[in-house]
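Spelled out, the chains give:
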Amino acid sequence: MTSISEREPGVSDRETMARRLLDSAEQLSYDPVKEVDWETPLDTDHHGASPEWSTLYGTSYWADLTPGQQRALTRQEAASVASTGIWFEMILQQMILRDFYAKDPTDPAFQWALTEIADECRHSIMFARGAAKLGAPAYRPRRFVVELGRVFKATATGEAAYAAILVAEEVLDVMQRDWMRDERVAPFVRTINNIHVVEESRHMKFAREETRERLEGAGWLRRQVNGLVVAIASYFIVSSMVNHRVYENAGLDGKRARREAKANQHHKSMLRSSCAGLMEFLHSAGLLTKPALWFYKRANLI
């Protein structure tokens, strides 16, 4: 039987890619309800994320914490990252729905877009259940950021939408690749991370290709404007990943924790190293402009 991903005469590269993604989704997708161990009680001897990714790792405060306090902190931080992921996945879904509204449903790209939205719905529910199992409250970005997101999801189009999607997905992907292999991390969290990494790899490929395609023929001014829009969106996404309330909820001195986290060079270095490939892509697409660089540096992505 011939796979639908095989290239046919007269079929565009975009359509071929979409068919391959649909093939991949059919062959390798997960049902978190069945795959994740939701029943076994949380073992507090486990971390929620690799300690090296904690916002306090490498600081004097981290050294002062007991192993139990360190584990409690990474569990709250992982839950905060998951909650931020839910917030952005809801933005992502609405942008894709707007983009494909009233387009040709027989187009494999249209069908892939709906497949991606279905994936994101499952991911959001999975993240929500995971955060609850980690014993965390509902972390949300600041009200100002939530309202900016409301505007962005209603107005962002073309490369601005897809490049912003790519930034959010790639930063989270690098973190989770570390967490899913780390035996110090709770097994159910590792499963969640593995599911997300596998399925998001398809989403990232689609976002990269859509960004490239939308930029074909784009002039200098358009790249300058959208490069800045993407950088601003990236800054608020990354800076919202770890809510400041995680420290008190882990039983720490919030004031000291926030002060040391803000100055933590180790964490900044982790973020920068995780984004090297992403920055190369944005540069090749002409979106890494001088104004955009200012925001990426503030977000410690470059």
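Shown above is the structure to which this text applies.
If you're wondering where the values come from, they're calculated on a predicted model, not measured in any experiment.

Observations concerning helix α8 (residues 187-214)
- For α8, spanning 28 residues, the distance from its first C-alpha to its last is 40 Å, which sits close to the expected 40 Å at 1.5 Å a residue.
- A maximum bend of about 30° is found in α8 at E200.

Section: a nonpolar patch on the surface
- Together, W220, L221, V225 and V229 line one region of the surface with nonpolar side chains, adding up to about 430 Å² of accessible area.
- According to the relative accessible area criterion, V225 is partly exposed, its value standing at 44%.

Side note on the packing of helix α7 (residues 158-181) against helix α9 (residues 220-239)
- Across the interface, α7 lies against α9 with an axial gap of 9 Å and an inter-helix angle of 35°. Crossing hand, α7 versus α9: right-handed. Facing α7, whose interface residues are E159, A160, A163, A164, V167, A168 and V171, α9 presents R222, N226, V229, V230, A233, S234, I237 and V238.
- Class assignment of the residues belonging to the contact of α7 with α9 gives a composition of 11 nonpolar, two polar and two charged.

Considering the nonpolar core
- Counting 94 residues, the largest nonpolar core has L56, L73, V171, Y247, L282 and Y296 as its most contacted members.
- It is helix α4 (residues 67-100) that provides the largest number of residues to this core, a total of 14 residues.
- In this view, L56 contacts Y61, W62, L73, E77, Y247, L252, A257, E260, A261 and N264; residues no more than four positions away in its chain are not counted.

Quick look at unusual backbone geometry
- A positive phi is found at A102, a non-glycine position, where the angle reads about 65°.
- By the element assignment, A102 lies in the loop between α4 and α5 (108-133).
- Judged by its relative accessible area of 71%, A102 is exposed.
- In this structure, N300 is a non-glycine residue whose phi angle is positive, near 60°.
- Note that N300 resides in the segment after α14 (290-298).
- Assessed through its relative accessible area of 18%, N300 is described here as buried.

Focus: the pattern of salt bridges
- Under the definition given, this model contains 21 salt bridges.
- A salt bridge links E210 to R14, with the nearest nitrogen and oxygen atoms 2.9 Å apart. Residue E210 is located in helix α8, and its partner R14 is located in helix α1 (residues 13-27); the two are separated by 196 residues in the primary sequence.
- Exposure remark for E210: the relative accessible area of 0% places this residue in the buried category.
- Looking at R14, the relative accessible area reads 21%, which means it is partly exposed.
- The partner of R208 in a salt bridge is E170, and the shortest N-O contact between them spans 2.6 Å. Of this pair, R208 sits in helix α8 while E170 sits in helix α7, and the two are 38 residues apart along the sequence.
- Each member of the salt-bridge network shares a partner with another, and the members are R14, D99, K103, D107, E210, E213 and R214.

The rules we used
Residues numbered from 1 in each chain as written. Predicted model: local features only at pLDDT ≥ 70, side-chain atom pairs only at ≥ 80, totals over all residues. Heavy atoms only, no water. Helix = DSSP H or I, 4+ residues; strand = E, 2+ residues; numbered from the N terminus. Expected span 1.5 Å × (residues − 1). Bend = angle between axes of the 7 residues up to and from the residue. Patch = residues over 30% accessible without salt bridge, like charges linked within 9 Å, V, L, I, M, F, W, Y side chains within 5 Å. Areas by Shrake-Rupley, 256 points an atom, 1.4 Å probe, with all protein chains shown as cover. Salt bridge = Lys/Arg side-chain N within 4 Å of Asp/Glu carboxyl O. Buried < 20%, exposed > 50% of the residue type's maximum accessible area, 1.4 Å probe, protein only. Axes fitted to C-alpha atoms, helices over the stretch in contact; angles between N-to-C directions. Left-handed = near helix turned anticlockwise from the far one by under 90°. Contact = heavy atoms within 4.5 Å. Nonpolar A, V, L, I, M, F, W, Y, C, P; charged D, E, K, R; others polar. Core = buried A, V, L, I, M, F, W, Y, C linked by side-chain atoms within 4.5 Å.

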